[in-house]
Protein chains: 2
Amino acid sequence: MNPIHVGLLGIGTVGGGTWQVLARNQEEITRRAGRPIRITAVADKNLTRARELVGHAARTTDDAMSVVTDPGIDIVVELIGGTGIARELTLAALRTGKHVVTANKALIASCGNEIFDAAQAAGTMVAFEAAVAGGIPIIKAVREGLAANRIEWIAGIINGTTNFILTEMRDRGMSFPAALAAAQRLGYAEADPTFDVEGIDAAHKITILAAIAFGIPMRFDRAYVEGIAAIDPADVAYAGEMGYRIKLLGMTRRLAAGVELRVHPALVPARRLLASVDGAMNAVLVHGDAVGDTLYYGKGAGAEPTASAVIADLVDVTRMHTADPEHRVPHLAFQPDRISDLPILPMSEVETSYYLRLKIADRPGTLADITRILAERNISIDALIQKEPPEGADHADVILLTDRTREREIDAAMAAFESLPSVSGRIVRIRVEHLGRS
Amino acid sequence: MNPIHVGLLGIGTVGGGTWQVLARNQEEITRRAGRPIRITAVADKNLTRARELVGHAARTTDDAMSVVTDPGIDIVVELIGGTGIARELTLAALRTGKHVVTANKALIASCGNEIFDAAQAAGTMVAFEAAVAGGIPIIKAVREGLAANRIEWIAGIINGTTNFILTEMRDRGMSFPAALAAAQRLGYAEADPTFDVEGIDAAHKITILAAIAFGIPMRFDRAYVEGIAAIDPADVAYAGEMGYRIKLLGMTRRLAAGVELRVHPALVPARRLLASVDGAMNAVLVHGDAVGDTLYYGKGAGAEPTASAVIADLVDVTRMHTADPEHRVPHLAFQPDRISDLPILPMSEVETSYYLRLKIADRPGTLADITRILAERNISIDALIQKEPPEGADHADVILLTDRTREREIDAAMAAFESLPSVSGRIVRIRVEHLGRS
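In this text the structure is predicted, and so the values were computed from the model without any measurement.

K.L.:
Help me understand the pattern of salt bridges in this model?
P.N.:
Opposite charge on two side chains permits pairing when their charged atoms draw close. All names here are of chain A. For the structure shown, the criterion picks out 78 salt bridges over all chains. Between aspartate 278 and arginine 170 there is a salt bridge, with the nearest N and O atoms lying 3.2 Å from each other. One end of the pair, aspartate 278, is in the loop between strand S10 (258-269) and strand S11 (281-288); the other, arginine 170, is in helix H8 (residues 160-172), and 108 residues separate them in sequence. Here aspartate 278 falls in the partly exposed class, since its relative accessible area comes to 25%.

Quick look at the structure:
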């Protein structure tokens, strides 16, 4: 069988992994795909690095566009990242009739609508399994494996850096800056960790999952994003005492009024499997109306796990390369003419439970004020703990767990708390996700 | 778009679920599949039951062969079970050019080689996602999602009945018969629980997973199968004390000499995610050389979870219905001419760790005899606990955890133990699976 010819754009961590796994497992991958998958051109700004890895086994160049326009290339693998040159190259590749495989979550989440339109117009495929949760085949699971279901919600630990940091904070009682430094030392966090710790990376991924789960366009611009930099070790400890663990969750949920799309730290009951996903691992919990809960777990980053997803896409595209577009799985799981543009709900409309921590002066009537403020807004209290003030201090911590309520009600209650003379300092508010009953 | 016409054979639990989910989610499933999927004929021995559920929405009959030969039917869904009439109907459907979707693990594990040959000859598809782990899309994950990997091993909790029983034994200190009775009361176990508790059902499923993971034929006849009926609450408790949980595992592993294919109870370290899979839930842990560990979790049985998998297959088959066979995913993940018939290793050649419990007379020198017997066979001891004899008894329990060793060495050691005058009664032997390092 004729090999299929692949052009690789970017041969850094994931590109290098893709090169190596394809070489190592060539025989087995060919047995699956029905024809050899061969990287015949590699573009990288760092030509020396490319040449060292590839030798004479493929053409190397620092001109990515020359690979995109090369008529000998069938599939372009885009591993450059970002939404600048990567977007231009992807659109150019599609325009010249090439299929594109990408691991670029920013690109798909931010420019996916434009890119899928271009692919649709050109009759080509864009595959992006590697963009979400690394080696876990979650795109395939949601888009194909759960096709029978009305998917109701997805909750994911989809950023390994923040999950590693939160695990260190819990296991070692570390502060956020100390745990971040540990993550950087061990290579789990970048020198500039903004994208990870502020939740942006997770927001890209949950945007993509929401689109394929609900058949809606990419709406990254409407996602609510809150990172973990403000998480205090005290809250990690209190959450633990109450039977919860703090995780950075990507959440999306379909309601009659619209779709929730949000990333923020959340308390998750410790008995839930998702709460046991520790260190740099990822997991995605999907709730479908027929199947109930299913969970997918694995490495969400790294050279070979991500390469695993890139190559799975290459096998799929190779198999469908010469097939009519009607036989292909639609990019967004639903046929392009059957995408429904449900609104994304503003955060004030989201309904969930809340963990609140207030610093109160140890004087009579304060708890009565707090409970009255909640009662006035019909917010039920699930649990309340007042701690003894530390030796010599005159302020004590009060921790509240509320029942489900709308976020705007909690915002109003927090404003009322802050106006109480006996409440001092910042009120800590972390959402609580019970993730269904079980 | 013209609907695709489905003939349903068997409208019991899963058939009823399939009917209902297809009806309920019709609009959404059509948006995914690109054309409506319609059940137009239903065959069931119990015609009254079929008519009550279906009404006039489909033709009902008690003659399944009339559905198979109906030229108006595109896809036959086989939900009869067993390897008798189900096999005949499946082969007949393939011969008349129909595609088959089945949830029948016994059929695929026992007659899959014959069935895939027939499908290959007829140019039709056989889809069997529902045969393994109910609603979890594990066939798709292994066959497509992990296509880049050399899969090294799979360990699965793939029988909900036995996992429910073992969970009850641990949580409530119940005996096996009491936990089985509870499972029967709650509908988790059949009146005749043989298939489940003796491990046969799990062996069907691990046989199928081994075939698609390693590109080998179905070899159910070579699987080693041991159930949970002999598990004693004392061992559940001792395992717990030592940081393990007892699970019925389906295991398959590829080694240079051949493939391990086995079902038996095993101690799993409590910190592994698989150990936290409780009640009737299923989970499959897959180790690939590139991706590392990935885990898939969900409901392994029940009307709608299984229907979820049946309908996902229907969507796939609908999409590929008119495509050339070359574009399809091969039945066994590897191209039919690239299946390799690796030998299945006999159990005596399997290498793993062991939990042993011996009843010994409390007299000097017994432990020295035991440790000498192990040392002579180069079996290292990972842990050894001698319990105090219960009040008034003159025999004490000794519990041993061994390092990895070949099963024939343990068999020999056990024979030597039994010949010691100070060892009495049956020696309990349960395998220990560490499932990789982490």
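The rest of the description comes next.
K.L.:
How do you make sense of the relation of the copies chain A and chain B when you look at a structure like this?
P.N.:
For the pair chain A and chain B, the relating rotation is 180°, the translation along its axis is 0.0 Å, and the fit reaches an RMSD of 0.0 Å. Look at the turn and shift together and you get a two-fold axis relating the two. Closest to the rotation axis within chain A is the C-alpha of Tyr296(A), separated from it by 2.4 Å.

K.L.:
What is the right way to read the environment of Thr352(A) from this model?
P.N.:
All names here are of chain A. Within the secondary structure layout, threonine 352 lies in strand S13 (residues 351-361). Look at threonine 352 and you get buried, because its relative accessible area is 0%. Along the primary structure threonine 352 and arginine 406 are separated by 54 residues, whereas in three dimensions their C-alpha atoms are 6.6 Å apart. Residues contacting threonine 352, with those up to four places away along its chain left out, are Asp403, Arg404, Thr405, Arg431, Val432 and Glu433. Polar contacts involving the side chain of threonine 352 include one to the main-chain carbonyl oxygen of valine 432, which spans 2.8 Å.

K.L.:
Could you clarify how one ought to interpret the domain arrangement of chain A in this entry?
P.N.:
A common measure of how large an interface is: the accessible area buried when the components associate. Looking at chain A, the domain boundaries give domain 1 (4-127), domain 2 (138-298) and domain 3 (351-432). Computed from C-alpha atoms alone, the centre-to-centre distance between domain 1 of chain A and domain 3 of chain A is 53 Å.

K.L.:
How should I be thinking about the nonpolar core in this particular structure?
P.N.:
Across soluble globular proteins, nonpolar side chains have a tendency to be buried as a group. By size, the foremost hydrophobic cluster in this structure holds 174 residues, and its most contacted members are Ile138(A), Tyr355(A), Ile138(B) and Tyr355(B). Not counting residues within four places of it along the chain, the set of residues in contact with Ile138(B) comprises Glu129(B), Val132(B), Ala133(B), Leu209(B), Val284(B), Val286(B) and Tyr296(B). Listed in part, the 70 residues of the second largest apolar core include Ala103(A), Val6(B), Val21(B) and Ala307(B).

Conventions and cut-offs
Residues numbered from 1 in each chain as written. Chains lettered and ligands numbered in written order. Predicted model: local features only at pLDDT ≥ 70, side-chain atom pairs only at ≥ 80, totals over all residues. Heavy atoms only, no water. Salt bridge = Lys/Arg side-chain N within 4 Å of Asp/Glu carboxyl O. Helix = DSSP H or I, 4+ residues; strand = E, 2+ residues; numbered from the N terminus. Buried < 20%, exposed > 50% of the residue type's maximum accessible area, 1.4 Å probe, protein only. Least-squares fit on C-alpha atoms with pLDDT ≥ 70 in both. Contact = heavy atoms within 4.5 Å. Polar contact = N/O pair within 3.5 Å; in protein donor to acceptor, adjacent residues only side chain to side chain. Domains from an automatic or database assignment. Core = buried A, V, L, I, M, F, W, Y, C linked by side-chain atoms within 4.5 Å.

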